[in-house]
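Examination of the molecular architecture
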Amino acid sequence: MEAHPAYVADVNLPGLPAPDDGLPDLMAAPPDMIVAFLDALDSVMVAELDAGRASLIYDEPETLPSLVDDDITGAQVKHVRQVAAIVGHVARDGMLDTDHLYVEPGAGKGSLVDGLGRALGVFSRSVFSKVSAGGAGPSTTSSDVGDEHADRPPLFVLLEREKRRWVAERGMRRSLALRVRIDIKDADLAALPDVDPTAPRVMVAKHLCGGATDLALYMATRTETLRDSFEAVYIAQCCYGKVSADTFVGMPFLAQRGLARYFSWIRRCSEWAISIEGASLDAPSLADWLASNARTSWRARCSVADDHLTVDDLPASLRVAIGYKARTLIELARAWYLESQGFITRRVEYVPLCVTPQNVLLVGLRPRPT
Ligand SMILES: C[S@@+](CC[C@H](N)C(=O)[O-])C[C@H]1O[C@@H](n2cnc3c(N)ncnc32)[C@H](O)[C@@H]1O
């Protein structure tokens with residue numbers, strides 16, 4: 001099979017040296033190492049809060065009328081609410097416009113493109129409403145779409161390494177979407193065929209697991225030309241435990257704060273945020289928790305003497321809190337990377353925790369001339 005024109009093996013691997021941290025397994029680590037790690041995590045967290053970088057706002061935009069779809073039922077409701085909130089942020093930032101090119105890495109079925117397409121009015125009804133009802137296919141065909149988009153170059157680029165049966169772009173004119181079956185690590189955005197090279201780009205991604213988010217951030221910023229082509233980046237974070245040292249774009253941020261050597265433990269702890277049985281965040285929202293509880297030291301919640309401490313001694317609720325601190329640091333490190341590439345960033349809790357525990361959206365916006 002002929003390779004896609006955008007395929008360049010490993011083009012988006014930043015080639016970072018994976019630090020040999022020499023750390024033992026966290027669960028079997030000696031007390032002095034665990035204590036040093038938890039103290040370091042706490043002091044960086046407090047410093048970031050003091051500097052105003054770690055706070056979060058709860059911000060779920062009102063759903064755009066074009067995204068209200070009464071046919072959506074069951075598990076799809078939560079999914080659609082996330083899509084609507086992300087599209088709402090895109091709209092509110094003035095990035096919703098058919099002059100843009102939307103790039104969705106890790107697109108899966110293309111749910112964000114589905115939301116963007118409806119918000120932009122290039123098709124009227126989600127293909128997923130029929131899918132969720134067990135129907136036989138897209139409810140909208142290209143004939144439903146106005147002719148003004150007949151000859152234009154793609155508005156959407158979907159990058160996905162897996163083959164998908166139900167895809168958003170089945171509901172729109174074929175020429176509007178370019179789906180490329182490719183691993184993000186191999187996708188050269190400078191070599192996409194048919195797209196308008198002058199169209200300002202917006203990257204959107206939802207739940208792009210672990211290291212794939214870093215690959216996507218690097219993909220968009222690998223060269224100056226690519227970087228300048230992006231006006232905005234929106235990535236809903238997830239699977240922090242799958243970040244990888246050789247691709248993690250925020251490693252310098254951790255290094256500047258003395259935390260790079262703890263990378264594998266930060267990754268491990270980040271999973272505790274949602275995986276500790278019977279324990280959850282002791283606040284109604286992540287934003288509230290960051291404002292009110294994130295400064296609390298682990299020492300205030302654990303009475304075991306330093307020289308006897310094992311991970312098993314940490315109470316479940318404390319492990320959840322440590323997990324959220326680790327996740328926050330991973331997000332802050334990525335925000336730092338985007339800032340280093342000239343973007344202004346914000347992190348928002350874009351839907352409530354009950355919709356998804358992976359509810360932080362990282363936004364990067366290119367400053368506009370005033
Ligand atoms: C959790 S799913 C989210 C799918 C979709 N964005 C959504 O919200 O419904 C993550 C998707 O990213 C894709 N993915 C993960 N790593 C990737 C990579 N390195 N290159 C291309 N696709 C990737 C997976 O195949 C999967 O479809």
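Residues numbered from 1 in each chain as written. Predicted model: local features only at pLDDT ≥ 70, side-chain atom pairs only at ≥ 80, totals over all residues.

Where an unreviewed UniProt entry is consulted, the chain appears under the name tRNA:m(4)X modification enzyme TRM13, with the organism given as Thecamonas trahens ATCC 50062. Reading the Sequence similarities (unreviewed entry) entry of the UniProt record for the chain gives the comment "Belongs to the methyltransferase TRM13 family." Its UniProt record, at the heading Function (unreviewed entry), says of the chain: "tRNA methylase which 2'-O-methylates cytidine(4) in tRNA(Pro) and tRNA(Gly)(GCC), and adenosine(4) in tRNA(His)." (UniProt positions renumbered as here; feature names shortened; annotations may be inferred.)

In terms of regular secondary structure, the chain is built from eleven helices and eight strands. Against the 2.2 N^0.38 benchmark of 21 Å for 370 residues, the chain shows a C-alpha radius of gyration of 21 Å, consistent with a compact globule. The principal-axis extent of the C-alpha atoms belonging to the chain is close to 70 × 45 × 40 Å. In the chain, buried positions account for 45% of the 370 residues. (Helix = DSSP H or I, 4+ residues; strand = E, 2+ residues; numbered from the N terminus. Rg over C-alpha atoms; globule rule 2.2 N^0.38 Å. Buried ≥ 20, exposed ≤ 12 C-beta atoms within 10 Å, placed from the backbone.)

This paragraph deals with the site of the ligand. In the region of the ligand, 17 residues are neighbours, and Gly 106, Gly 108, Arg 161, Lys 206 and Ala 212 sit closest. Where the shell around the ligand is concerned, the elements lending two or more residues are β3 (156–160) and α5 (211–221). Of the residues that constitute the shell around the ligand, the class distribution is seven nonpolar, four polar and six charged. (Near = placed C-beta within 6 Å. Nonpolar A, V, L, I, M, F, W, Y, C, P; charged D, E, K, R; others polar.)

So, on to the sheet that holds β3. In spatial order, the strands read β1-β7-β8-β6-β5-β2-β3-β4; together these eight strands make up an open sheet with mixed pairing. Edge positions in the sheet fall to β1 (57–58) and β4 (177–181), since each of these pairs with one other strand and no more. Both strand β5 (residues 201–206) and strand β6 (residues 230–236) contribute to a ladder of six bridges, which runs parallel. When the sheet's bridge partners are listed, Ala 205 is paired in β6 with Ile 235. Packing against the sheet, α5 makes contact with β2 (101–105), β5 and β6, and its axis sits at approximately 180° to β6. (Pairing = 2+ DSSP bridges. Contact = placed C-beta atoms within 7 Å. Axes fitted to C-alpha atoms, helices over the stretch in contact; angles between N-to-C directions.)

Bringing the pairing of strand β7 (residues 344–349) into the picture now. Walk down a regular strand and you will see the side chains alternate between the two sheet faces. As paired elements, β1 and β7 share two bridges and run parallel to each other. Counted as the bridge partner of Tyr 58 is Glu 349 from β7. Looking at chain direction, β7 and strand β8 (residues 360–365) are connected through six bridges and run antiparallel. Looking at β8, one finds that Glu 349 is bridged to Val 360.

This part takes up the nonpolar core. Ranked by size, the top nonpolar core spans 108 residues in total, and within it Ile 86, Met 203, Val 204, Ala 216, Val 233 and Tyr 234 carry the most contacts. In terms of residue count, the dominant contributor to this core is helix α11 (residues 316–340) (13 residues). Once you skip the residues sitting within four places of it in the chain, Ile 86 turns out to touch Leu 112, Val 204, Lys 206, Tyr 234, Ala 236, Tyr 350 and Leu 361. (Core = buried A, V, L, I, M, F, W, Y, C linked by C-beta atoms within 7 Å.)

Right, let's talk about the packing of helix α2 (residues 76–92) against helix α3 (residues 111–119) for a bit. The contact between α2 and α3 brings their axes to 9 Å, and the two run at 55°. Between α2 and α3, the crossing angle belongs to the class labelled oblique. The crossing of α2 and α3 is right-handed. Counted together, His 79, Val 83, Ala 84, Ile 86, Val 87 and Ala 91 of α2 and Ser 111, Leu 112, Gly 115, Leu 116 and Ala 119 of α3 form the full contact between these two elements. (Parallel < 35°, antiparallel > 145°, perpendicular 65-115°, else oblique. Left-handed = near helix turned anticlockwise from the far one by under 90°.)

So, about the pairing of β8. Within β8, five of the six residues are buried, leaving the element largely enclosed by the surrounding structure. Here five bridges tie β6 to β8, and the two strands are oriented antiparallel to one another. Note on β8: the bridge partner recorded for Ala 232 is Leu 365.

Turning our attention to the environment of Gly 364. By the element assignment, Gly 364 lies in strand β8. Assessed through the 25 C-beta atoms surrounding it within 10 Å, Gly 364 is described here as buried. Separated by 17 residues in the primary sequence, Gly 364 and Arg 347 have C-alpha atoms spaced 8.9 Å apart. Residue contacts for Gly 364: discarding those within four places in its chain leaves Ala 232, Val 233, Leu 338, Phe 343 and Thr 345.

Once that is clear, we can look at the environment of Thr 198. You can see Thr 198 is positioned in the loop between β4 and β5. Residue classification places Thr 198 among the exposed residues on the basis of 8 C-beta atoms within 10 Å. Separated by 99 residues in sequence, Thr 198 and Asp 99 place their C-alpha atoms 9.6 Å apart.

The pLDDT averaged across the chain works out to 90; a share of 92% of its residues lies at or above 70. Note that pLDDT drops below 50 for residues 131–144; the model gives that stretch 27 contacts with residues more than four away or on any other chain. (pLDDT = per-residue confidence, 0-100.)

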